[in-house]
Amino acid sequence: GAERLFWQLPGVYTTAVGYAGGYTPNPTYKEACSGRTGHTEAVLVVYDPAKTSYDELLRLFWENHDPTQGYRQGNDSGTQYRSAAFYTNEDQRDLLERTRDVYAPLISARGYPDITTEVVPASESTYFLAEDLHQQYLYKNPNGYDCHSSTGVRLPS
């Protein structure tokens with residue numbers, strides 16, 4: 001479901017769902033859901049920074065899931081549902097950490113616990129493409145399951 005949020009942005013060329021942050025090569029969905037691969041479900045976003053900023057990607061990321069739930073999102077639970085963000089350069093890391101640090105007290109004021117989001121260099125994690133049936137899932141299944149356990153808290157500009 002998170003993939004749709006990103007593919008709708010102007011300047012996004014493509015999105016792809018997959019698995020990252022684990023240690024098993026080429027995991028399947030079933031394997032990732034077993035909790036034995038170490039992967040989290042992830043969305044790869046290829047975009048034109050002249051049309052959509054990294055700030056906007058981060059806004060969607062923070063506002064459309066609950067970064068405090070550890071190994072869960074809403075009713076979905078397991079290691080594959082942990083919150084993680086993979087950055088490709090130090091500028092992205094700085095902005096990612098800065099937005100996290102701005103967001104944390106805002107959601108804390110609403111009674112949420114500490115943010116558990118992993119901040120990881122993409123170079124330390126291989127991304128594996130998920131099976132075809134998962135790609136653009138909500139485009140193929142407009143009424144399909146779409147869990148977003150958002151905190152409802154906006155990230156300020």
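In this text the structure is predicted, and so the values were computed from the model without any measurement.

A. Structural context of the pattern of salt bridges. Taken as a whole, this structure holds 7 salt bridges when the rule is applied. A salt bridge links R59 to E56, with the shortest nitrogen-to-oxygen separation between them at 2.6 Å. Linking R59 with E56, this pair stays in helix α3 (residues 54-63), spanning 3 residues, or about one helical turn. Here the salt bridges share partners, and the residues they tie into one network are E56, R59, E63 and R154.

B. Seen up close, the packing of aromatic side chains. Under the criterion given, the structure shown has 2 aromatic pairs. Summarising the aromatic geometry, the rings of F61 and W62 are spaced 4.9 Å apart at their centres and angled 70 degrees between planes, so their arrangement reads as edge-to-face. W62 carries the same exposure label as F61, and that label is buried. Measuring from centroid to centroid gives 6.0 Å for W62 and Y103, while their planes differ by 35 degrees, and the two rings are tilted. Of this pair, W62 sits in helix α3 while Y103 sits in helix α4 (residues 90-108), and the two are 41 residues apart along the sequence. Exposure class is identical for W62 and Y103. Each is buried. Three or more aromatic residues joined by ring pairs make a cluster, and in this case those are F61, W62 and Y103.

Reading the values: the criteria
- Residues numbered from 1 in each chain as written.
- Predicted model: local features only at pLDDT ≥ 70, side-chain atom pairs only at ≥ 80, totals over all residues.
- Heavy atoms only, no water.
- Salt bridge = Lys/Arg side-chain N within 4 Å of Asp/Glu carboxyl O.
- Helix = DSSP H or I, 4+ residues; strand = E, 2+ residues; numbered from the N terminus.
- Phe/Tyr/Trp six-rings, centres within 6.5 Å; stacked < 30°, edge-to-face > 60°.
- Buried < 20%, exposed > 50% of the residue type's maximum accessible area, 1.4 Å probe, protein only.

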